[in-house]
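Single-letter residue listing:
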Amino acid sequence: MNVHALQYCIHWEDKPANFSHVRALLEELRPQPGDLVVLPELSCLGFTMRREGLAEQPEGETSKFFAGLASEHEIYLVGGASWWGENELGRNMALTFDPRGELLGVYAKQHPFSYGGETDHYQPGQDFFQFDWHGCKVAPLICYDLRFPETFRHLACRGTEFYVVIANWPAARVHHWDALLMARAIENQAYVLGVNRCGEDPRVNYPGSTRLIDPHGKVVAHLDQQPGHLSARLDVEDLRAYRTRFPALNDLKRSQLGLA
């Protein structure tokens, strides 16, 4: 089970340029059929608050682009997009496609970044989403969600084994990013992949620091600040054996999460 993360400088609010860039990166990577490829948050826009001319309907050009990539390379693909929501607000989305190019499901960011003004432009999502990847339960999440452990706990109670966090996380708080990814892996006895962008936009510098962490808290693979790709193999059987040997998740107080 091979996973790949693409870390790149996103062309600001320029979908065609990003489509070309991502396509070239995938052609260079040459993933194997059935692999999982993950892109950063708002993969083809950058962390923009503008919706007019950029946000799309579900069948928009970004969805079609991702579907085409997935079917062409016969891969699972998780990518970020801006969709229209309610009351002229947008929705910050993670879209998941299967190797046939079919949309497996979507996740809307539950925690828009209020400190950065995102709550004024994007409405929060309400629902979780998981998908099956060769028998492994995978849950996509988005950037600021990482600061809310209860979100990860709810998914742990649903059997999540691999969390994928797509992000535009700023360099000013990269030490938070690194620490929180590790914490979410350790406390949920799960793999956690954090896929961040690098470079800069008109307001913010981004550190990259894309990394995969295993259920023991070990960094399996990581990238520094430069564009590149991370590729690694998941050992899901080891994860399950570890959960059996040290069944900490059995001691969760589900009632504290509002669960029976």
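Fair warning: this is a prediction, and the values are worked out from it, not measured in the lab. (Residues numbered from 1 in each chain as written. Predicted model: local features only at pLDDT ≥ 70, side-chain atom pairs only at ≥ 80, totals over all residues. Heavy atoms only, no water.)

Participant: Explain the overall build of the protein chain to me, please; I cannot follow it from the model alone.
Facilitator: Regarding its fold elements, the protein chain presents five helices and 14 strands. The C-alpha radius of gyration computed for the protein chain amounts to 17 Å, which stays within 12% of the reference 18 Å derived for 260 residues, consistent with globular compactness. The principal-axis extent of the C-alpha atoms belonging to the protein chain is close to 50 × 40 × 35 Å. Per-residue burial over the protein chain gives 55% buried out of 260 residues. Of the contacts made within the protein chain by residues no fewer than 6 positions apart, 67% connect residues no fewer than 24 positions apart. Summed over its atoms, the accessible surface of the protein chain is roughly 11,100 Å², and 48% of this surface lies on carbon and sulfur atoms. Charge centroids of the protein chain, computed over 25 positive and 33 negative side chains, lie 5 Å from each other. (Helix = DSSP H or I, 4+ residues; strand = E, 2+ residues; numbered from the N terminus. Rg over C-alpha atoms; globule rule 2.2 N^0.38 Å. Buried < 20%, exposed > 50% of the residue type's maximum accessible area, 1.4 Å probe, protein only. Contact = heavy atoms within 4.5 Å. Areas by Shrake-Rupley, 256 points an atom, 1.4 Å probe, with all protein chains shown as cover. Lys, Arg positive; Asp, Glu negative; His and termini not counted. Charge placed at Lys NZ, Arg CZ, Asp CG, Glu CD.)

Participant: Would you take a moment to explain the packing of aromatic side chains for this structure?
Facilitator: Note on aromatic pairs: each is described by the distance of the centres and the angle between the planes. Under the definition given, this model contains 13 aromatic pairs. The interplanar angle of 80° and the centroid separation of 6.4 Å between the aromatic rings of Phe 162 and Tyr 191 together place this pair among those described as edge-to-face. Here Tyr 191 lies in strand E9 (residues 191–196) and Phe 162 lies in strand E8 (residues 162–167), a separation of 29 residues in the sequence. With respect to burial, Phe 162 and Tyr 191 carry one shared label: buried. Connected via pairs of aromatic rings, a cluster forms that spans Phe 19, Phe 65, Phe 66 and Phe 97. The cationic tip of Arg 184 hangs over the ring face of Phe 152; the distance from NZ or CZ to the ring centre is 5.9 Å. (Phe/Tyr/Trp six-rings, centres within 6.5 Å; stacked < 30°, edge-to-face > 60°. Lys NZ or Arg CZ within 6 Å of the ring centre and 35° of its normal.)

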